[in-house]
Every structure is written in C-alpha cells, then in structure tokens.
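Here are the chains, one letter per residue:
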Amino acid sequence: MFNEEMRKDAVKYGIEYVKKGRVLVWHDEFDKDEIDTDKWIFWRTMGGVDRIYDNCKENCRIENGQVHMQAHRTDDPEKPFTLSEGFTTKYTMNWKYGYLEMRAKIPFRHGAWPSFWTQSSTVFQKTPWMCETDIFEVFSSDRNAVANLHKWGMGKHCMLPGGEGSLKRAHTFEKFENLNDEYHVYGYEWDPEFMTFYVDGEEFAKFPIDPVNGNFGYEVIDGTSGFHDFQFIIVNDEIFTEKSGWAPDGSRITADDELPIDYYIDWMRLYQNPEKEEIKLKPEIDEALAAKKAAEEAEK
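Residues numbered from 1 in each chain as written. Predicted model: local features only at pLDDT ≥ 70, side-chain atom pairs only at ≥ 80, totals over all residues. Heavy atoms only, no water.

Draft legend 1. Quick look at the pairing of strand β16 (residues 184–190). Judged by how many residues are buried, β16 sits mostly within the fold: seven of seven residues are covered. Burial along β16 is two-sided: His184, Tyr186, Tyr188 and Trp190 facing one way and Val185, Gly187 and Glu189 facing the other are all buried. Of the strand pairs in this sheet, strand β10 (residues 98–105) and β16 are connected by seven bridges, and their pairing is antiparallel. Pairing of glycine 98 across the sheet is with tryptophan 190, part of β16. In the sheet, β16 pairs with strand β17 (residues 194–199) via five bridges, with the strands oriented antiparallel. Looking across to β17, one finds that glycine 187 is bridged to tyrosine 198. The hairpin turn running from β16 into β17, its antiparallel successor, is three residues long. (Buried < 20%, exposed > 50% of the residue type's maximum accessible area, 1.4 Å probe, protein only. Helix = DSSP H or I, 4+ residues; strand = E, 2+ residues; numbered from the N terminus. Pairing = 2+ DSSP bridges.)

Draft legend 2. Looking closely at helix α1 (residues 4–13). Residues of α1 that are buried include every one of Met6, Asp9 and Ala10, and no others. Projection of α1 onto a plane perpendicular to its axis shows the buried side chains occupying an angular sector of 100°, all on one side. The exposed residues of α1 that point more than 90 degrees off its buried face are Glu5, Lys8, Val11 and Lys12. Close packing links the buried residues of α1 with β2 (22–28). The residue sitting at the N-terminus of α1 and contributing the capping side-chain oxygen is asparagine 3; that oxygen lies 3.0 Å from the backbone nitrogen of glutamate 5. Positive backbone phi, approximately 65°, marks glycine 14, located one or two places after α1. (Arc of directions from axis to C-beta. Contact = heavy atoms within 4.5 Å. Polar contact = N/O pair within 3.5 Å; in protein donor to acceptor, adjacent residues only side chain to side chain.)

Draft legend 3. Local environment of the nonpolar core. Residues Phe87, Phe116, Phe197, Tyr263 and Met268 are the most contacted members of the largest nonpolar core, which totals 59 residues. The contact partners of phenylalanine 197, leaving out residues within four places of it in the chain, are Thr133, Asp134, Ile135, Ala147, Leu149, Gly187, Tyr188, Glu202, Glu203, Phe204, Ala205 and Phe207. Core analysis: the second largest hydrophobic core is formed by 18 residues, Leu83, Val146, Ile239 and Ile253 among them. (Core = buried A, V, L, I, M, F, W, Y, C linked by side-chain atoms within 4.5 Å.)

Draft legend 4. Molecular detail of the pattern of salt bridges. Scanning the model with the defined rule gives 16 salt bridges in all. The partner of glutamate 16 in a salt bridge is lysine 19, with the nearest N and O atoms 3.1 Å apart. A salt bridge links aspartate 266 to arginine 103; the shortest N-O distance between them is 2.7 Å. Of this pair, aspartate 266 sits in strand β20 (residues 261–272) while arginine 103 is found in strand β10, placing the two residues 163 residues apart along the sequence. The buried category is assigned to aspartate 266, whose relative accessible area is 19%. Residue classification places arginine 103 among the partly exposed residues on the basis of a relative accessible area of 27%. (Salt bridge = Lys/Arg side-chain N within 4 Å of Asp/Glu carboxyl O.)

Draft legend 5. Focus on the pairing of strand β6 (residues 67–73). Extensive coverage of β6 is indicated by the burial of six of its seven residues. Note that strand β5 (residues 60–62) and β6 share three bridges and pair antiparallel. In the strand pairing of β6, arginine 61 is matched with histidine 68. Bridge count between β6 and β20: five bridges; the pairing is antiparallel.

Draft legend 6. Representation of the packing of aromatic side chains in the model. In this structure the tally under the stated criterion is 23 aromatic pairs. Between tryptophan 95 and tyrosine 188, the aromatic rings sit 5.7 Å apart at their centres with planes inclined by 75°, giving edge-to-face as the arrangement. Taken as a pair, tryptophan 95 in strand β9 (residues 93–96) and tyrosine 188 in strand β16 lie far apart in primary sequence, 93 residues in all. With respect to class, tryptophan 95 is no different from tyrosine 188; both count as buried. Where phenylalanine 108 meets phenylalanine 173, the ring centres are 5.5 Å apart and the plane angle is 75°; that geometry is what we call edge-to-face. Of this pair, phenylalanine 108 sits in the loop between β10 and β11 (112–120) while phenylalanine 173 is found in the loop between β15 (170–172) and β16, placing the two residues 65 residues apart along the sequence. By relative accessible area, phenylalanine 108 is classed as buried at 3%. (Phe/Tyr/Trp six-rings, centres within 6.5 Å; stacked < 30°, edge-to-face > 60°.)

Draft legend 7. Region of interest: unusual backbone geometry. Put simply, leucine 259 and proline 260 share a cis peptide bond, and its omega is 15°. Note on placement: proline 260 falls in the loop between β19 (231–239) and β20. Backbone geometry places tyrosine 97, a non-glycine residue, at a positive phi of 75°. Position of tyrosine 97 among the secondary structure elements: in the loop between β9 and β10. Note on tyrosine 97: relative accessible area 9%, which makes it buried. The residue methionine 154 is not glycine, and still its phi comes out positive at about 55°.

As structure tokens, this is what we get:
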C-alpha cells in the first residue's frame, strides 16, 4: 500500500502521508518556477463571447509557491475581459475514488465564479453520458460555496438533487468579512457509495451514488454509473458578465466592480487506498489515447 516516492515527498514537504485511511499518491506544492506540464494543462471548459481566453503569465502563473490566476479587463470594447482557460489534469492525471483536497484563497465577491470540480475522463469512460462533480462553485457570493453534481449526454442534462435550493448544498462561512484574504482547505471524498464535500475538515454535503439510493434525474438520464468512471480535476477563475450564457440574477460584473479577480492555489493533494482505488498518470493516459485513436482509425 505504501509508495516510497510519495512517502519521501511527504517528509520533504512536511505534509501528511496518511489521511482518511489512505496514502498520498499524487500532489503538487507548486514549488517550481513554472507550471508543471507533466501534471497540468490548460483546456477550455467554459466560454463567453465577451472575453479573451489567454493562458499567458498575466492570467495564470506560479508566484511565491502557489498558482495565481487572474481575470482582467482589456481595452477591447468587444471583448472587455481576459482570463485563462481551465487549469486541469485532463491528459495528465485521471483518478477513480479517493480523497482530494486543495488549499486555496478564492474570490468571494460580486461577479466572481471561481470553481474546483471534476469531470468524466473520456479516455477511460465506460458510461455513454458524462458527469460533473462540483466540489465548490461560488456564484458571485460573499459567503457561500456550493457543491453540485451534474450528468449530461444525448442532448439531455440533469442535476442532483432535483428540486432543492442550492444553499442546501452549500457551506456558508459565518465569519465572511475577510474571506477574500483567507486560505481554506476544500476537500472531496469519493467512494463507490458516496461523494462527500468538506471545508476545513467540516462536512457540508454528502450525496449517495450507489445504484439504489443515488439515482437522480431518472426521467432524463437513468442511473449513477457515470459517477464511477475515472475523473480529472479542473480549476476555473471564471466571471459573470453581460454576455455570459448563464448568470444568477444580479451577479454580472458592472463598471463599479474592481478587477482583477484573483484566485490562489497553495497546494493540491490526492490520497487513495491503492488496493481499492485507481490512478492513471500521463504515460498510461498517452498510451490509452493512442490505442483509442488506432481503434477509431481501424473502424473507418
């Protein structure tokens, strides 16, 4: 069960090697001068016609041992905003079950839509529809971080849990006046029965994903199988603007809102039980992608 390389990393960085009955299997302390391209890529996850997606250092960089993402205004009247694409492990690390956590300082302010989420890996996908696990999203709020589950495919979409307001899936910070200057630890525990969400070790939402108790949106897309496919990590420093395709009422940025909007990630860590939980790193993903491409070519 023990991984000697990860154990050495835990000693080197002074971090926990064992957590929630699992061991450290993957992490990034962002201690290099540049973003580690063996661990991360940029990939477009959202969109808007009034913004320029540019992965330049002004919008996303390593700074003082952490990732610093920013959304800025531009001088272009047609595209008055610029920000980076999603910061993701889509083709570098896919995982199935475990405990993931991130220490970050995220924007709790008007117009901000920061998120930390996962999505089905199309490389190892077995289910004919996709799924999304939102560990948190902040919908232009000064105090609420909301967890959500989605599934979509075949032109259909549904969300868990149906009929419930988003604040029933939220962690509300009681002392929120200084949130924009504070780091917190956001955690996500995933096993064959549940997806559980934490802030600073406190559980705030728990969704069943077993076939009996976890089905939702069955009138749209049946089952929970997609929540047992491999996933990859995504982080976004998105914004709500006048031309955003969707935005909560009153959330869109106005001329009175100061930019940039800042999102800082101090570290990211994944813990697993290697006997029960799985991880795929870049070499395996590259091999699987090549095999998939070859199979598609053979079918033509």
